[in-house]
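Residue strings, one per chain:
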Amino acid sequence: MRNRERAGELLAEELRLAGLRSAFLAQMSHELRTPLNGILGYTRNLLLGGGLAEKQIAGLNIIQDSGEHLLFLINGILDHAAIEADKFELTYGEIRLEEFLSTLIGIIRVKAEEKNISFTCDVDAALPAVVRGDMQRLRQVLLNLLSNAVKFTDHGEVMLRVRSDGPSRIRFEVKDTGIGIDPEQMERIFLPFEQVGEKNRRSGGNGLGLSISRKLVQLMGGDIKVESQLGRGSIFSIEIDIEPLKSDGSEIDVKALSEQSITRTVCDASQ
Ligand code: ADP
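Just so we're clear, the structure is a prediction, and the values are computed from it rather than from any experiment.

Visitor: Residue-level account of the site of the ligand, with values.
Guide: Lining the immediate surroundings of the ligand are 21 residues, of which Asn148, Asp176, Gln195, Val196 and Leu210 lie closest. One of the side-chain N or O atoms of Asn148 is found 2.8 Å from an oxygen atom in the ligand. Asp176 places a side-chain nitrogen or oxygen 2.9 Å from a nitrogen atom of the ligand. Residue assignment for the shell around the ligand shows that the elements contributing at least two residues are helix 4 (135–151), helix 5 (209–219) and strand 7 (233–241). Looking at which element gives the most residues to the shell around the ligand, the answer is helix 4, with 4 residues. Its residues assigned to classes, the shell around the ligand shows 9 nonpolar, 9 polar and 3 charged.

Written out as structure tokens, the structure reads:
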């Protein structure tokens, strides 16, 4: 009986500490964001103002990149704290899929170009043009999966496939020919602050992306699945609920989206 009481007390204490930790993280991250937004805002204004020497522009670009990266890390901690405190909520609105995918593809295309790898997109023509969902959070999940795919791929390609899976279900698949994941570490990658594989690849991340993405996808009525082969590549896929909305009759121009692909020859990729 005493043991059971003691176990109950320990659990209550653990929950209290987790609550305090989340509240502290949320408060601190929030406070950090305000001055950082000031730094970023003024940097942007200076760059837009023009009349600067090349050296000054280069310096301001570094401030901007570093500030944006810091903001990304702080936002990750804020999201994590909200998840731990069970205070995470989605904000639903209208998503115009072609526009949404086109922006996403544009961002990843630049990253793939920088690494000299191919990036192809294959979008299902049967998808509804307009759906209801949380656009910002869906973008966050897909950017996390696609950025990881590019980050962990040095040769070959990254592919985004979008499929309609029934009238109110959509499936996104992100495939890469990168370093792959050890089967024993497959569950660890979804834990907060966990990074696996070579140490020199961990910079730039904080190990929070996938744990936040999994929670977001679960809130959207789905889950993230991963298949991977060490040294050969990975496939991360998500399936979520969507509510098709009435559109003005326009359809998704899948050809225009796939034309945004970039194909590198094997020879290019190894340069
Ligand atoms: P990070 O910010 O470090 O990328 P994530 O939570 O997004 O954090 O990913 C956790 C870890 O999972 C990564 O550090 C990496 O070890 C592994 N990982 C994620 N995506 C891939 C991928 N496409 N290929 C190989 N490893 C991956």
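We are not done yet, so read on.
Visitor: Before we move on, could you go through the packing of aromatic side chains and cite the residues and values that matter?
Guide: In total, this model carries 0 aromatic pairs according to the counting rule given. The ring of Phe190 has Arg214 lying over it, and the distance from NZ or CZ to the ring centre is 3.9 Å.

Visitor: Give me the packing of helix 3 (residues 97–115) against helix 4: which residues, what numbers.
Guide: Angle between the axes and distance between the axes are the two parameters that describe a pair of packed helices. The interhelical angle for the contact between helix 3 and helix 4, taken along N-to-C directions, is 20 degrees, at an axis separation of 10 Å. Relative to helix 4, the element helix 3 lies roughly parallel. The handedness of the crossing between helix 3 and helix 4 comes out as right-handed. Of the residues in helix 4, those in contact with Phe100, Leu104, Ile107, Ile108, Lys111, Ala112 and Lys115 of helix 3 are Met135, Leu138, Arg139, Leu142, Leu143, Leu146, Ser147, Val150 and Lys151. Of the residues in the contact of helix 3 with helix 4, the class split is 11 nonpolar, 1 polar and 4 charged.

Definitions and limits used
- Residues numbered from 1 in each chain as written.
- Predicted model: local features only at pLDDT ≥ 70, side-chain atom pairs only at ≥ 80, totals over all residues.
- Heavy atoms only, no water.
- Near = heavy atom within 4 Å.
- Polar contact = N/O pair within 3.5 Å; in protein donor to acceptor, adjacent residues only side chain to side chain.
- Helix = DSSP H or I, 4+ residues; strand = E, 2+ residues; numbered from the N terminus.
- Nonpolar A, V, L, I, M, F, W, Y, C, P; charged D, E, K, R; others polar.
- Phe/Tyr/Trp six-rings, centres within 6.5 Å; stacked < 30°, edge-to-face > 60°.
- Lys NZ or Arg CZ within 6 Å of the ring centre and 35° of its normal.
- Axes fitted to C-alpha atoms, helices over the stretch in contact; angles between N-to-C directions.
- Parallel < 35°, antiparallel > 145°, perpendicular 65-115°, else oblique.
- Left-handed = near helix turned anticlockwise from the far one by under 90°.
- Contact = heavy atoms within 4.5 Å.

Bear in mind that shape data such as this cannot, by itself, settle questions of function.
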